[in-house]
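# Report on the structure
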Amino acid sequence: MIRDMNPELVERQTQLALWLLVHAPQHKTLTDLKDYMETDEETLRHDLNWISKFLHPYKIVVDPTNDQKVGAVGHESNIIRAILDLLKTEVVPGKFTTSFSVTDRELETYLTKRIDALTDVMTLSDDAKQKLYLYLWTVGMRYRFGNVKRPGLAAYFTPAQLALIAEQKESHPWSQKTVDGLDKLLPENVDLPIIEDYLLTLRVWLYTH
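These lines cover the structure that appears in this document, whether it is placed above or below. None of these values were measured; they are calculated from a predicted model.

About the thresholds
The numbers attached to residues start from 1 for each chain and follow its sequence in the written order. Restriction of local features to residues with pLDDT of at least 70 applies here, the model being predicted, together with a cutoff of 80 or more for giving and counting side-chain atom pairs; totals for whole chains, interfaces and linings are based on all residues. Calculated side-chain values reflect all of the structure's heavy atoms, with hydrogen atoms and water omitted. We define a salt bridge as a contact between a side-chain nitrogen of Lys or Arg and a carboxyl oxygen of Asp or Glu at a distance within 4 Å. Secondary structure elements are defined from DSSP: runs of H or I of at least 4 residues count as helices, runs of E of at least 2 residues count as strands, and each element is numbered from the N terminus. Burial classes follow relative accessibility: with a 1.4 Å probe on protein chains only, a residue under 20% of its type's maximum area counts as buried, one over 50% as exposed, and anything between as partly exposed. Pairing between strands requires that DSSP locate at least two bridges from one strand to the other. Residues count as neighbours in contact if any of their non-hydrogen atoms are within 4.5 Å of one another. Lines are fitted to the C-alpha atoms to define the axes, a helix being fitted only along its stretch in contact, and any angle between axes, read from their N-to-C directions, falls within 0 to 180 degrees. To form a nonpolar core, buried Ala, Val, Leu, Ile, Met, Phe, Trp, Tyr and Cys residues must be joined to one another through side-chain atoms within 4.5 Å. Angle categories are assigned with fixed cut-offs, so that under 35 degrees is roughly parallel, over 145 is roughly antiparallel, 65 to 115 is roughly perpendicular, and the rest are oblique. The crossing is said to be left-handed when, going from far helix to near helix, the turn is anticlockwise and less than a right angle, and right-handed when the turn is clockwise. Residue classes follow a fixed rule: Ala, Val, Leu, Ile, Met, Phe, Trp, Tyr, Cys and Pro count as nonpolar, while Asp, Glu, Lys and Arg count as charged, and any other residue, Gly among them, counts as polar.

## Details of the pattern of salt bridges
On inspection of all chains with the given rule, the structure shows 10 salt bridges. Close ionic contact of arginine 105 with glutamate 108 constitutes a salt bridge, the shortest N to O distance being 2.9 Å. On the criterion of helical spacing, the pair formed by arginine 105 and glutamate 108 is a turn pair, its members being 3 residues apart in helix α5 (residues 105–119). Accessibility expressed as a relative area gives 55% for arginine 105, which makes it exposed. On the basis of relative accessible area, glutamate 108 is assigned to the buried category, the value being 1%. Close ionic contact of arginine 150 with glutamate 196 constitutes a salt bridge, the shortest N to O distance being 2.8 Å. Of the two residues, arginine 150 is situated in the loop between α6 (126–145) and α7 (153–156) and glutamate 196 in helix α10 (residues 195–208); the sequence distance between them amounts to 46 residues. Residue arginine 150 is classed as buried on the basis of its relative accessible area of 18%. Classification of glutamate 196 by relative accessible area gives buried; the value is 3%. In this structure, a network of salt bridges that share partners links the residues Lys34, Glu41 and Arg45.

## Considerations on the sheet that holds strand β1 (residues 28–29)
Adjacent strands of a sheet pair through backbone hydrogen bonds, lying either parallel or antiparallel. The strand order across the open sheet formed by 3 strands is β1-β3-β2, and the pairing between neighbours is antiparallel. Two strands lie at the open edges of the sheet, namely β1 and β2 (61–64), each paired on one side alone. Bridge count for β1 against strand β3 (residues 69–73) is 2 bridges, and the pairing is antiparallel. What sits directly across from lysine 28, in β3, is valine 70. Running over the sheet, helix α1 (residues 7–23) touches β1 and β3 and is turned about 75 degrees from β3.

## A closer look at the nonpolar core
Core analysis: the largest hydrophobic core is formed by 62 residues, its most contacted members being Leu21 and Leu55. The dominant element in this core, judged by the number of residues it contributes, is α6, at 10 residues. Setting aside residues no more than four positions away along its own chain, leucine 21 makes contact with Leu55, Ile60, Ala72, Ile79, Ala82, Ile83, Leu86 and Arg142.

## Structural notes on the environment of aspartate 191
Along the polypeptide, aspartate 191 turns up in the loop between α9 (171–185) and α10. For aspartate 191 and leucine 86, which are 105 residues apart along the polypeptide, the C-alpha to C-alpha distance reads 26 Å. What aspartate 191 contacts, discounting residues up to four positions off in sequence, is Tyr143 and Asp183.

## Points about the packing of α5 against α6
Interaxial distance between α5 and α6 falls to 10 Å at its minimum, and their mutual angle equals 140 degrees. Here α5 lies oblique to α6, going by the angle between them. Between α5 and α6 the crossing geometry is right-handed. Packed against α5, whose contacting residues are Leu107, Glu108, Leu111, Thr112, Ile115, Leu118 and Thr119, the element α6 presents Lys129, Leu132, Tyr133, Leu136, Trp137, Gly140, Met141 and Arg144 at the interface. Of the residues assigned to the contact of α5 with α6, the class counts are 9 nonpolar, 3 polar and 3 charged.

## Let's talk about the packing of α6 against α10
One way to put it is that α6 packs onto α10 with a least axis distance of 9 Å and a crossing angle of 155 degrees. By the angle between their axes, α6 is roughly antiparallel relative to α10. For α6 against α10, the interelement crossing comes out right-handed. Residues Ala128, Lys131, Leu132, Tyr135, Leu136, Val139 and Tyr143 of α6 pack against Glu196, Leu199, Leu200, Arg203, Val204, Tyr207 and Thr208 of α10.

What follows is the structure, encoded as structure tokens:
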């Protein structure tokens, strides 16, 4: 986590880190980032230096270019893990939606309904519901704002593993329907690959065991 004695500084750096990760690996000009954060260039550069150190353990590089642009570059799994760790800092018990300025109300409403639908077919703790919401939020925002690169199913799973996941009678149909509905909320040029169905089912298993 980003740690500092100044809560306003932590909040600002967290917001900027999340923005860079959600949009990864796109590069934005320092002017755009200054306008987004409503800050000056010296403060922005200081924050980027802190964020670079924070993201180093995730093997994510805050990559500056020669034309005064900056972006976050790393493997998708590491980007998602870093976003989830940042989102944990904003969790409010009993409330799913985040307080981050990167948002999409239609998508967030849909995700909440899908969590409710899962509770109709299986028992979920409040902690599991929160974690699933944050994971779905992360996937949704990555596909909406970033450039996501996922390998094919064969790179992640063996045929036997795929069959085992598909046999999850409660969670896998829910995952398929959830991903299908999420796909409809994204821009027309964005398609969610089938691997997201299986990764979501695994998350359900992980958060409920």
